[in-house]
Amino acid sequence: MQIADRSVASFHYTLTNDAGEVLDSSEGNEPMAYLHGSGNIIPGLEKAMAGRQAGDAFDVTVAPAEGYGERDPKRVERVPRRNLKGIANPKVGMQLQANGPHGPQVVTITHVAGDVVTIDANHALAGETLHFKVNITNVREATEEELSHGHVHGAGGHHH
Ligand code: ZN
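This write-up is about the structure you can find in this document.

**Section: unusual backbone geometry**
- The backbone of Arg6 shows a phi angle near 75 degrees, a positive value even though the residue is not glycine.
- If you trace the backbone, Arg6 turns up in the segment before strand E1 (7–16).

Here you go:
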């Protein structure tokens with residue numbers, strides 16, 4: 001069967017950036033499963049999956065607008081060290097939970113200079129053009145329960 005709304009697709013993928021560096025891959029793990037048409041995966045990838053079937057292998061390039069969005073310089077902030085409650089020794093690369101305008105969000109420390117710490121609330125892959133190598137391993141119909149939850153249950157999905 002072909003991938004369409006209300007279907008669950010499982011796939012292996014390797015994600016590289018423009019420089020050809022591997023950013024993420026499902027190799028060595030179970031394939032990732034998602035519910036098509038529910039926004040479980042980034043729009044550019046979901047679009048490229050439509051109409052494919054088990055056994056299909058393809059490459060797709062996803063621009064930031066259809067991936068994790070453009071980097072927003074307004075989401076980068078410099079804060080005094082004392083504002084980072086409970087973090088005695090802030091280091092570049094640390095991720096922490098902060099209160100953003102839309103509730104809690106994960107921010108990454110990108111620079112530490114004396115008393116001033118730079119935190120970035122952009123997604124780590126914002127602004128990146130994403131290159132996916134995809135290999136579809138299975139396509140099936142979603143169950144009513146999966147459709148009502150808006151995500152996949154079982155292998156490669158939620159266990160609850
Ligand atoms: Zn569920």
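**Remarks on the coordination of the zinc ion**
- Within the protein, the zinc ion binds to His149 (ND1), His151 (NE2), His153 (NE2) and His160 (NE2); these donor distances fall in the range 1.9 to 2.1 Å.
- For the zinc ion, the four donor atoms are set out with angles of 98 to 124 degrees between them, so the coordination reads as tetrahedral.
- One chain supplies every donor to the zinc ion, and in sequence these donors are spaced H-x1-H-x1-H-x6-H.
- Owing to a relative accessible area of 16%, His153 belongs among the buried residues under this scheme.

**Considerations on the environment of Val112**
- Inspection of the secondary structure assignment puts Val112 in strand E7 (residues 103–113).
- Expressed as a C-alpha distance, the spacing of Val112 and Val79, which sit 33 residues apart in the sequence, is 9.9 Å.
- Residues within four places of Val112 in sequence aside, it is in contact with Arg81, Pro90, Lys91, Val92 and Val117.

So, how was this worked out
- Residues numbered from 1 in each chain as written.
- Predicted model: local features only at pLDDT ≥ 70, side-chain atom pairs only at ≥ 80, totals over all residues.
- Heavy atoms only, no water.
- Helix = DSSP H or I, 4+ residues; strand = E, 2+ residues; numbered from the N terminus.
- Donors = N, O, S within 2.8 Å, 3.2 Å for Na, K, Ca; no water.
- Tetrahedral: all angles 85-135°; square planar, octahedral: opposite > 155°, others 65-115°.
- Buried < 20%, exposed > 50% of the residue type's maximum accessible area, 1.4 Å probe, protein only.
- Contact = heavy atoms within 4.5 Å.

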